[in-house]
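Listed here are the chains, written in short residue letters.
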Amino acid sequence: MSFFLTLSAYCAFILFLIRLFSHIWSWINADKEPASDPLVNGKISPSLLWNALLDILFFRRVYATNKLLWAASWTFHLSFFLVLLRHLRYVLYPVPGFIVFIQPAGKIAGYILPLSLLLILIVRLTGGKDRYLSVYNFFLVGLLMLTSLTGIFMSSLFRTDLVNAKAFVFGMVTAAPATLPESRLFAVHFILFLVLLPSLPFHLIASPVTTIEARKREQALYKVIHEK
Amino acid sequence: MKSKKCFGKELSQLQRIELDACTQCGECLKHCPVQEVTGKPEISPPEKIRMFKKLMRETDSIKSSLFGKDVDPKLIQDFTNAVYECTVCGACGQNCPVGLFNQRLWPVLRKEMVMRGLGPVGPQANMPKVVKETGNPYNEPPEKRYSPWFPGDVQVAESADIAYYAGCTGAYQAQPMVKGDVRVLNAIGKPFTMLPPEEEVCCGFPLFITGQHDMLKDLTDRLVTAYKAKGVKTLLCSCPCCVNIMARDWPIYYGKKLPFKIRHITQYVDDELKKGRIKIKKKLTERIIYHDPCYLSRGVGIIAEPRSILGSIPGIELLEFDRHGVNSRCCGAGGAARKVHHENAIAMGRLTINEAVEKRADKLVLSCPACYEKVNEAMKGHDRKIKIVDIMELIAELV
Ligand code: SF4
Ligand code: SF4
């Protein structure tokens, strides 16, 4: 089992990298927008960048369209980020002070995460006539929900030997495979993570770019035929 | 179906990133007029994006290089239907939480289909041939472009700093609108010129929006050269779609900055009203509601000027649609979809009429020839009635 999971982890990571590079390659290889199109070639000023940064960090565009979805998705992304940071203690040695510092916040975020996912699901499924939920999003929400629940169970109800867990994960990262801890829950949690890794959506890196572009476009709109 | 060509080649860098940025949140469905009248999520923005990404994966990925570019014909059919049923109004992008520029993305996806012989659909496919033969997409004789509607008392100069482009939809399908334009220009009193009917060819927008880009450079060159020869410094037009392609795409096809400025007619008239060159003399004690055309508000940011003109009419009460300005709802005429999905266009036109009636407006004011034609058509056989008028048609009556 240890060997199988170790091999799967490397495969999942390679798959993730292939997906990542093929997307970035496809972006790099495409033509740039024509320089003379005023709407897509607006200037980036410090105030535009600042506003775009706030848009990205606080999901202000989501807030403008759907307050409940904003509450759910912002909470989800923040808690997911904190949980990821918390998990860095398993792959870093020595563990940086910052990661030690955020451990309590990461633990609380671990509980909030499935609740925010549930809220996302409720918002999506109760959308009335305009309800829309793609198979991929349904799959992702389900996967994240299961991953987070198994994580919660491990840290509360069925405690797993964290020293062994760290040895296993750290061994994998340092190419010195170690034995899998004796916990089925850990194995399930880890397998779910391995499925999640190559399935991560690329809006995580693409949407900040489009959010900045939307700001540029909004600023340029009133200059298309209003210039003196 | 085996496809040798990879999908996605027409997309710009930003558009490729946009496809990846779509979170499939579905928020745009609430703002989509086609969804409102059809209730078909399978033709919604996230579905179009999902299907196109699949087409790209099936023809342009490591997997496709190893195992062949097998494309599911049903996927192609579904995507084609979805992308051509859209009115390309851009409301989805305007309200997209990650800021996609869908008003520009959909025409490029249509171009992708045209490049492979999979689009356009229905009568749209005839357009290049018809434009080539007649200079307009309506297959109307060029010599009838300004007749019989052109007002006899309006003076058109041989050459002038200012030129007016009537546009095919206005000239052939919404004459009261262009008649209003030239009468207001005449009342301002500054000389303006126009191209002879056979020289005033299509601006290219109907071809652009249906993804048929082959003739665009030629049409742009012909029109720009003709206006340049007349010494034109400012080109005025009332059609939002024409203004859009002129301001945004003509410089690209022409290869450099245009030798004249592009202005929407409301900008010019608003300026002249403020300068006192033209005065609104008559009072109008009515409640009027103004509809923002998608390509005027979302397209080039003309929102304040029509309101400023209407606001200067003594006695008027100006109402607003729930969705107005950059958030306006398509009247149904957009994206050349009206030529294929006529019933959708009529249903959308009726939504606009209904809201205007519910707000107890006396007049519905439009400023786009396609809206004018379609909303008038939508009123036929509809149980709710309202007087429809173009903004310049109205002003021409009051100056
Ligand atoms: S609103 Fe934007 S991100 Fe959401 S589904 Fe529509 S296009 Fe995609
Ligand atoms: S452009 Fe308009 S009609 Fe087309 S999908 Fe977007 S909102 Fe709907």
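Before reading on, note that the structure itself is shown above.
The paragraphs below set out a description of the structure included in this document. Treat the numbers as computed from the prediction; the structure is a model and nothing was measured. Residue positions are given per chain, counting from 1 as you read along its sequence in written order. Each chain is given a letter, starting from A, and each ligand a number, starting from 1, according to the order in which they appear as written. Only residues with pLDDT of at least 70 get local features here, since the model is predicted, and only at 80 or more are side-chain atom pairs given and counted; chain-wide, interface and lining totals rely on the full set of residues. Working from all heavy atoms in the structure, the side-chain values ignore hydrogens and water.

1. Description of the overall build of chain A
Helix and strand content of chain A: ten helices and zero strands. Runs of E in the DSSP output that reach at least two residues are strands. Runs of H or I that reach at least four are helices, and both are numbered from the N terminus. Along its sequence from the N terminus, chain A presents helices and strands in the succession α-α-α-α-α-α-α-α-α-α. With the C-alpha coordinates aligned to their principal axes, the bounding extent of chain A is approximately 75 × 40 × 35 Å. Every one of the 228 residues in chain A was classed for burial, and the buried ones make up 43%. The contact criterion used throughout is that any non-hydrogen atoms of two residues lie within 4.5 Å. At a minimum sequence separation of 6, the contacts of chain A that also span at least 24 residues come to 73%. Taking the average location of the 20 positive side-chain charges in chain A and that of its 10 negative ones, the two points are 8 Å from each other. Each residue gets one of three labels from its accessible area relative to the maximum for its type: buried under 20%, exposed over 50%, partly exposed in between, using a 1.4 Å probe on protein chains only. We score Asp and Glu as negative and Lys and Arg as positive, and we do not count His or the chain ends. Each charge is placed at NZ for Lys, CZ for Arg, CG for Asp and CD for Glu.

2. Considering the sheet that holds strand S1 (residues 162–165) of chain B
Residues and elements named next belong to chain B. Any two strands with at least two DSSP bridges between them are considered paired. Pairing is parallel in the open sheet, where four strands are placed in the order S2-S1-S3-S4. Unpaired on one side and paired on the other, strand S2 (192–193) and strand S4 (261–264) mark the two borders of the sheet. Sheet topology places S1 next to S2; two bridges connect them, and they run parallel. Across the sheet, residue Ala 163 finds its bridge partner in S2, namely Thr 193.

3. Focus on the site of ligand 2
As a matter of local geometry, ligand 2 sits amid 13 residues, with Cys 32, Cys 86, Cys 89, Gly 90 and Cys 92 of chain B nearest to it. Those elements that provide at least two residues to the shell around ligand 2 are helix H2 (33–38), helix H3 (45–59) and helix H6 (91–94) of chain B. Nearness of a residue to a molecule or strand requires only that one of the residue's heavy atoms be within 4 Å of it.

4. Observations regarding the packing of aromatic side chains
All names here are of chain B. For this analysis, a ring pair means two rings from Phe, Tyr or Trp (six-membered ring only for Trp) whose centres lie within 6.5 Å, classed as stacked if their planes differ by under 30 degrees, edge-to-face if by over 60, and tilted for the remaining angles. Within the structure shown, the criterion is met by 18 aromatic pairs over all chains. Seen in terms of ring centroids, Phe 7 and Phe 52 are 6.0 Å apart; in terms of plane orientation they differ by 85 degrees. Their pairing is edge-to-face. Here Phe 52 lies in helix H3 and Phe 7 lies in the segment before helix H1 (13–21), a separation of 45 residues in the sequence. Pair check on accessibility: Phe 7 and Phe 52 agree, each one buried. To sit over a ring, a charge needs its Lys NZ or Arg CZ within 6 Å of the ring centre and within 35 degrees of the ring normal. Over the ring of Trp 106 we find Lys 48; its NZ or CZ atom is 4.1 Å from the centre of that ring. Note that Arg 116 overlies the ring of Phe 7, its terminal NZ or CZ placed 4.2 Å from the centroid.

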